[in-house]
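So you can see what is in the structure, the chains are spelled out below.
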Amino acid sequence: MTLLLMAAGRGSRYGKLKQFDALGPNDEFLMEYSIYDAIECGFDHIVVITQQTNVEFLTDYLTSKLPESVQLDVVAQEMTDLPDGSSFEGEREKPWGTAHAVWAARNVIDNPFVVINADDYYGKSAYKKAADFIHQNTADYALVGYTLKDTLSEHGTVSRGVCKTDDANNLLSVNERTKIEQQANTIKDLDSGLEFSGDELASMNFWVCNPSIFESIEDDFRAFLQDDSNIASGEIYLPFVIQEMMENNKIGVKVIPSKGEWFGITYASDKEKAMAQLKEMGVQGGYRTPLWK
């Protein structure tokens, strides 16, 4: 089984490359805990998508830590990586988005895989449930969801994909809400004005996919590049590609409640809390300290 970590972002709200910030008691990156948990649950192939300037560093860094039985591929997400016959004109600074990041791994993944953000902590139960799902449903897709009220930041609004499901836990839609905030007696999206109980399941970009997604991303990316208005700053997002695959009856997606802890570092002010949580997990025996021995 393969774990794909998206680590090519620029960290605009955080202020720097948070993927490589030392948060663990022994200066571990947050992604190392995801990798550790995944390996503990049977994953034996780690793929990291990053910027070209970080490939050599990250390859050396992780190779020195991972067990020899685990395969590692560090792949660059490059703006010049386009579908055959495609091109674009104009200037662009940032990557093409999360779907393109996944597509960048098409040459190193040929089996079911999990996609996560490198700068989020998902908890070991998420990887265990994903592994169980893969063993039972090698051709299907899934989303490991988290309780909305447990994914908010004390330091500002957050963007969350709120899930809608049927009675059989099949995903019907993920509705992106871009300014969700905890208020006195409610949780509110400041953009739409919608209020939430907090018990809704939210997508934190923990997807179980199979290689069929690469073809769909490529098709969507070709169409995306044909619209000149996308070139300067538009992005092709992984949830939107999966939603389109669902709407076209190409796939079904099961929503699996994690029932575990999630935390991330959207804002620089979130760092202190994340460091305290990781330290406490080590004290309580949840993780070894140092993480790799």
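Everything below is about the structure shown above.
Report on the accompanying structure.

Scoring rules and cut-offs
- Residues numbered from 1 in each chain as written.
- Predicted model: local features only at pLDDT ≥ 70, side-chain atom pairs only at ≥ 80, totals over all residues.
- Heavy atoms only, no water.
- Core = buried A, V, L, I, M, F, W, Y, C linked by side-chain atoms within 4.5 Å.
- Buried < 20%, exposed > 50% of the residue type's maximum accessible area, 1.4 Å probe, protein only.
- Helix = DSSP H or I, 4+ residues; strand = E, 2+ residues; numbered from the N terminus.
- Contact = heavy atoms within 4.5 Å.
- Pairing = 2+ DSSP bridges.

## Comments concerning the nonpolar core
Nonpolar side chains tend toward joint burial in soluble globular proteins. Core analysis: the largest hydrophobic core is formed by 61 residues, its most contacted members being Leu3 and Phe206. Sort the elements by how many residues they give to this core and helix 1 (residues 30-40) lands first, with seven residues. The residues contacting Leu3, other than those within four sequence positions of it, are Ser34, Ile35, Ala38, Phe43, His45, Ile46, Val47, Val114, Ile116 and Tyr127. With 39 residues, the next largest nonpolar core counts Met6, Ala99, Ala105 and Cys163 among its residues.

## Quick word on the pairing of strand 6 (residues 141-147)
In terms of burial, strand 6 is a largely internal element, six of the seven residues being buried. Two elements, strand 6 and strand 12 (residues 253-257), share five bridges in a ladder whose sense is parallel. Each bridged residue has a counterpart across the sheet, and for Ala142 the counterpart in strand 12 is Lys254. Bridge count between strand 6 and strand 11 (residues 201-209): five bridges; the pairing is antiparallel. Each bridged residue has a counterpart across the sheet, and for Gly145 the counterpart in strand 11 is Ser203.

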